[in-house]
Structures are given as structure tokens and as C-alpha cells.
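Structural description and commentary
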Amino acid sequence: MSEVLSHDPTVALECRGLEKYLGEGASQVHVLRGVDLQLKRGEVVAIVGPSGCGKSTLLYLLGLLDRQDGGHIIVSGEEAPLDQDGVHTRMRCRNIGFVFQFHFLLPEFSALENVILPMRKLGVLSAKEMKDRAQSLLDEVGLGEKSMRLPSQLSGGEQQRVAIARSLANKPHVLLADEPTGNLDIKNSIRIFDLLTKVARENDQATLVVTHNPDLAQRCDRILKMEDGLIVSEERLNDAR
Amino acid sequence: MSLGGIAFGVGFFIVTLAQVSGFEEFFIQTILGTDGAVRIEDRFQSTLASVRSNSPFADNRSQRKYIEGVENPDEIIEALTAVPNVAGTSVVLKDSASIDSPLRSSRIQVYGIIASDHIGVSQLEGQIRMGSIQRFQETPTGIIIGAKVADRIKAHVGDSVIIRVGDQQNRYRVSGIFETGVSDIDKVRVFMHLGQARSLFKKPHGVSFIQVSLFDRDRAREDAETIENITSHIASAWQDREKSWLEVFRAFKITGSIMVSTIILISGLGMFNTLAMIVMEKTREIAILRSMGYTRQDISNVFLWQGAVVLVVGTILGFLLGAAITYGISSVPLRIRGIFSTDNFVVNWSIMHYVYAGVTASIIVMLSSLLPARRAARLVPGDVIRGTSS
């Protein structure tokens, strides 16, 4: 099975022949029709396409948040087995960071505590190390002074920046972002997007961003266009990689 | 709300058990203190039919021939030394008579006893309300009469009364008046010295029964069976003699426990609702935690911990509440006469009541939190996030 997949250490995320159906019976929809994709470390790739073409479904499958009906997914050299939730959970914890359209911060916890949450699950760092790292990530996204604030005491852009800090907490190899600026104004959108791409390149992370915004897509290394469950075209913007 | 419900449920569970078992224990103490743990009476002989049906499954009791009373009590008492649980014995000669005072007469049952033996197998000494056991022992013609007998014939300590059996009549001095609280006893029973009873009833040999006290009252049934086998006399344990009343107490205990369990159950349902609502409200947060790498078990544990905290805090509060109410009601005035005698609510302090209440609460609370916890753990993060984002 895995001979069809790459063992190239520069590849952070790869999928082959990814299939996904949604619904049942007569209302069943073939959302993904055999998608092939490869993301290298440090590469920022945008997926664009009309609503319902399968962008978000692809993203959730690649993030092991959902189960594919066919095909293979390999993250940092490890193939994700079908039907093994425990393995998927472990792989997510170690290798994958998410940023969603909504920040999805836990409202009862401060910004700092929200950033600590993934580290606490990974269980590698001591309490002090986790706190220090969370603080430095919040410094990096420009929120060092507001680390003790609850999400409700932050603006929309600030909340999304905390979510980015949280996604980077465990130094994942892959960062998946679903419309990360979809809920923000233009100024904040550019700021968040630039932050995302900057930290990804600095940390050598593969970043896959689903976006409807063509201007933001132009800031990525590659743009993949999806239509009707397939990647129909690819545009390279940065030849450095 | 769930916490308060669990605390109240556990508290009232304990109070109910404490007072029902308190009355039951008091009743048991009364019957043991009055009629003893085991009573040895009529001798039996196996008939030819019972000898023939030698099968271990045959009920030979129905084929026995009975001879009233205990002809050789000394032999029986000697044989009882083989039963290590036997604490004391008292021979009793029992017969009917009538008692006359200058004002009124009444039908009675005379119990001829050896006082020193009988106080070792009963609480007669403590049941004497007026007069004393010493006065009885020092007075050869002394009698101790039941409170209702005394009431009926208007007799007091020191009064002289006549006890009549057919043409025979003797004069006796009231040395004491006792009250067991059991009406059927207090209105007919009169104790006199065994020698006096033999003379009154013209029964120079044998006794009606032997009253036996035990070190471990709960072994009475097994000991009664052993005694029957050793002595060939009917031996009845207190549990069988008072079976109907004990069944009533058992029924009360079960009914009470079911009623108070309902409080815990309703609190458990409340808790189930609360947790189920939390799961519904927190689906996004659950999905986010799952996306970070938190396992299904981690998510489940959050809700189980919530249940465990409610359980522990609620149970501790319930224990304190139960103990406080139990203590409070033990001084509530309540006059009961009939099956026992008390002027206050009777409670029984037992660690087992707290154990039962804790176990009941644990089962209900853990079931109440397990279902929402499992539901939370089953959530598929992709579905939840996609549903929210779209």
C-alpha cells in the first residue's frame, strides 16, 4: 500500500487517490474523486475553488479529523491507517496544527492557557516550559501583553492570532488552515495571513490554506484550484521551493 | 442542583435506614430481652413413619409425636454445654391462673423462674419500672407483675394479691411491676419463684420450657437446629418466633429505601440532563480538543470527572446531613406502646447505612454521567467543525 507513497523526507504531507462520499442512498454526493497532493516542508499552498467543491472536506481528511472512503494519507512519513482513531489522534497531537475560520478558543481559559492545551496533551514539556513556550508564541503573534486575558476580552483578529499560536504549540510539521481570515476585515486578514505564512516558513512547516480570497492566495508558494472534487490546476508563484 | 439533589438523597437515605432499622433493632432487643434467643420446649419422638422415610429430603417434623414440656431440664442444660454459643439458660414453669386484688381480678400467665438465672437470659431487671429484682429475690412469696396487669387490678408494689388455680389459691406480695412495652406480655405475664409455681400448679418435676441466651444472636437458627438434634426437644429461634413482625420491618426498610432512592434517581436524571446539555453546548470545544490530539477517553474523562466531583461532594454533604438529621430525630418525642416501649424516635447508627447510601449514589451518578460522557467521546470532530464553519 505505502509503495505508492513518497518517502522523501522533505515531504510533510501527501495523499493519493483520496475519495470521500457524503450522505447516503439517493442523496449521496461524491465529494472527493481521487485527489492527489504533496506538500513539502516550509511550503505554503493555497486551495481555492467554488463553494462545495470539496476544499474543506479535503482539509479535514488530511488533518485526520474525518475518515476517507478511499486513498492514502501520509503525514511526516507515517501512513494514517483507516479506522484507528487512537493513531489518528496521536498523529494530530504530534504533527498537525489547525486554524479554523472561527478561533474556537475555549472561553473559560485565558489566551495563555489556550495555547498551553495542546502541549499539555503532548506531555513533553514541564509546566514551566509549557508556560514559557506559550508566552513566547503569544509574543511572536504580538499578544504577549494580553496573554492572561480571556478570549472574550480580545478582538476578533487577536482571537485568531491566539488560535494561530495554539496551532503552533507542538511544533507541528503540517499546519492546516480553513478560511483562517474568513471572519476578519481586510486589514486583519492580511496581517493574520502574513503571520501564518511567516511562522510556517520560519519553522519549516508545510501549510495548506483553504481560502476564497484570491489576493491572499497570491501570497502563497502554490495555488491549487479545485472543482467538483478534483484538483484541476496548479499555479506556482514561488520557485524557491 | 444535581449536587444538592445527591446530598439530600444520600442524607434522607441514611435517615430512613437509621430510623427503620432503629425501630427494628429496638424490637429485636425487646424480644431477646423478654423471651430470649432460643426457647427449648416440647420433647419429640420419631414415629415409625418418620423412621421409614429416612430420606434426607423428607420432612420428618410432621411425623413426630410431641410430649409437652421439658421433663429433665438439668439433662438438657448439661447437653447445652456442647453448644459454645450458649451464654445462659433459665428454666421456666408456665401455666394459666387468675389474679385477684381487693378491687378486681384478671386472667394471667404465671412464669415460675429462678430469678438469678432468668436475669441472665433476659432484661427483666431493666424492665422493672417499680420495685426491684432484689426485693423479689428477698421475698419468698414475691411476684413481679406486668404493668397492664397491675393497672387492671389496681395493684402496687407491696400490695398483697391472690393467685388462684382451680380450687388452689395462695397469697403473694407484689415485689415489682415490669414493662416490656409488648402489650400481649404486659397484660398477662406474672413472674414468681419456681418453687412457688411448682406448689401452685402441683408440678413438682419438669418445666414448660428453657429460655436460652446466645453470645451471637444471629446464629440462633443454626444453634436451634443443633439443640433440636442434641436434645430431641423443639428449639425455636427468635427469628422464627417473631417472623411476622420481622417481615413487616423488612418490608418497611425496602419500601423506605426505594422511596429515598427515588430522590437520588431524580437527582441523577437531573445530572444526566445537565451533562447532556453541556455536551450539546460544548460540541465545538470537544471537537477542538479532539483536533489538538485529546483522545476519546480524555473527553469522556472530563464528564466522568464532573460526575465524580458531584458524587464525592454530594455524598460527603449527604453523609453530614444524614448524620445531623439522624441525631436530631433521635430526640424527637414519640410514644410507642404495643410491640415495644419507647418515648422517643429510635435510631440505629450503622456504618453500613452510609455504605449503602454511598453505593446507591455512586451507581446512579456514574450511570448518569457515563451516557453523556460516551456521547461526547463519540463526536466526530470533522463533522462538528464542518457543521459549525459552514
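Residues numbered from 1 in each chain as written. Chains lettered and ligands numbered in written order. Predicted model: local features only at pLDDT ≥ 70, side-chain atom pairs only at ≥ 80, totals over all residues. Heavy atoms only, no water.

1. Focus: the overall build of chain A
Helices and strands together make up the secondary structure of chain A, namely seven helices and 10 strands. Rg of the C-alpha trace for chain A: 18 Å, near the compact-globule value of 18 Å for 241 residues, within the 12% margin. Each of the three principal axes of chain A carries a C-alpha extent, and together these read 50 × 40 × 40 Å. Excluding contacts between residues fewer than 6 apart, the proportion of contacts in chain A whose partners are at least 24 apart in sequence is 69%. Taken as a whole, chain A presents about 10,500 Å² of accessible surface, with 48% of it coming from carbon and sulfur. (Helix = DSSP H or I, 4+ residues; strand = E, 2+ residues; numbered from the N terminus. Rg over C-alpha atoms; globule rule 2.2 N^0.38 Å. Contact = heavy atoms within 4.5 Å. Areas by Shrake-Rupley, 256 points an atom, 1.4 Å probe, with all protein chains shown as cover.)

2. A short note on the domain arrangement of chain B
According to the domain assignment, chain B consists of domain 1 (2-29 + 245-389) and domain 2 (90-208). Centre-to-centre separation of domain 1 of chain B and domain 2 of chain B, based on C-alpha positions: 53 Å. (Domains from an automatic or database assignment.)

3. Observations regarding the nonpolar core
By size, the foremost hydrophobic cluster in this structure holds 69 residues, and its most contacted members are Leu62(A), Ile73(A), Leu176(A), Leu208(A) and Phe303(B). Broken down by element, this core gets its largest block of residues, seven residues, from helix H15 (residues 351-378) of chain B. With sequence-adjacent residues up to four places away left out, Leu176(A) is seen in contact with Leu13(A), Leu59(A), Leu62(A), Gly63(A), Ile96(A), Gly97(A), Phe98(A), Val99(A) and Leu208(A). Judged by nonpolar contacts, the second largest core, of 49 residues, contains Val149(B), Ala224(B), Leu246(B) and Phe249(B). (Core = buried A, V, L, I, M, F, W, Y, C linked by side-chain atoms within 4.5 Å. Buried < 20%, exposed > 50% of the residue type's maximum accessible area, 1.4 Å probe, protein only.)

4. Things to note about the pattern of salt bridges
All names here are of chain B. In this structure the tally under the stated criterion is 27 salt bridges over all chains. Among the ionic pairs, Arg39 bridges to Asp35, the shortest N-O distance being 3.4 Å. Its relative accessible area of 12% is what places Asp35 among the buried residues. When the shortest N-O distance is used, the salt bridge between Asp218 and Arg217 registers 3.7 Å. Owing to a relative accessible area of 22%, Arg217 belongs among the partly exposed residues under this scheme. (Salt bridge = Lys/Arg side-chain N within 4 Å of Asp/Glu carboxyl O.)

5. Focus on unusual backbone geometry
A positive phi angle is found at Phe104(A), which is not glycine, with a value near 55°. At Lys171(A), a residue that is not glycine, the phi angle is positive and equals roughly 50°.

6. Quick word on the interface of chain B and chain A
In this complex, chain B contributes 21 residues to the contact, which on the side of chain A involves 22 residues. Summed over both sides, the interface of chain B with chain A buries roughly 2,000 Å², with 60% coming from carbon and sulfur. Where chain B touches chain A, the interface holds six residue pairs in polar contact (both at pLDDT 80 or more). Looking at the side of chain B that touches chain A, the elements with two or more residues in it are helix H13 (283-292), helix H14 (296-329) and helix H16 (381-389) of chain B. A per-class count over the side of chain B that touches chain A returns seven nonpolar, six polar and eight charged. (Buried area = accessible area lost by both parts, 1.4 Å probe. Polar contact = N/O pair within 3.5 Å; in protein donor to acceptor, adjacent residues only side chain to side chain. Nonpolar A, V, L, I, M, F, W, Y, C, P; charged D, E, K, R; others polar.)

7. Structural notes on the packing of aromatic side chains
Residue and element names in this part refer to chain B. According to the stated counting rule, one finds 11 aromatic pairs over all chains in the structure shown. For the pair Tyr111 and Phe209, a centre-to-centre distance of 5.9 Å together with 75° between the ring planes defines the contact as edge-to-face. Placement of the pair is Tyr111 in strand E4 (residues 105-113) and Phe209 in strand E10 (residues 209-214), with a sequence separation of 98 residues. What makes Tyr111 buried here is its relative accessible area of 2%. A residue is classified by how much of its surface remains accessible, and Phe209, at 1% relative accessible area, is buried. Aromatic pair Phe319 and Tyr354: ring centres 5.4 Å apart, planes at 75°, arrangement edge-to-face. Taken together, the residues Phe319 in helix H14 and Tyr354 in helix H15 connect sequence positions 35 residues apart. (Phe/Tyr/Trp six-rings, centres within 6.5 Å; stacked < 30°, edge-to-face > 60°.)

8. Focus: helix H9 (residues 194-201) of chain B
All names here are of chain B. Along H9, the positions that sit buried rather than exposed are Leu194, Ala197, Arg198, Leu200 and Phe201. End-on, the buried residues of H9 take up no more than an arc of 165°, which puts them together on one face. If you follow the buried residues of H9, they end up packed against strand E3 (86-100), E4, strand E7 (160-165), strand E8 (168-178) and strand E9 (189-193). Phi for Lys202, located one or two positions after H9, is positive at around 55°. (Arc of directions from axis to C-beta.)

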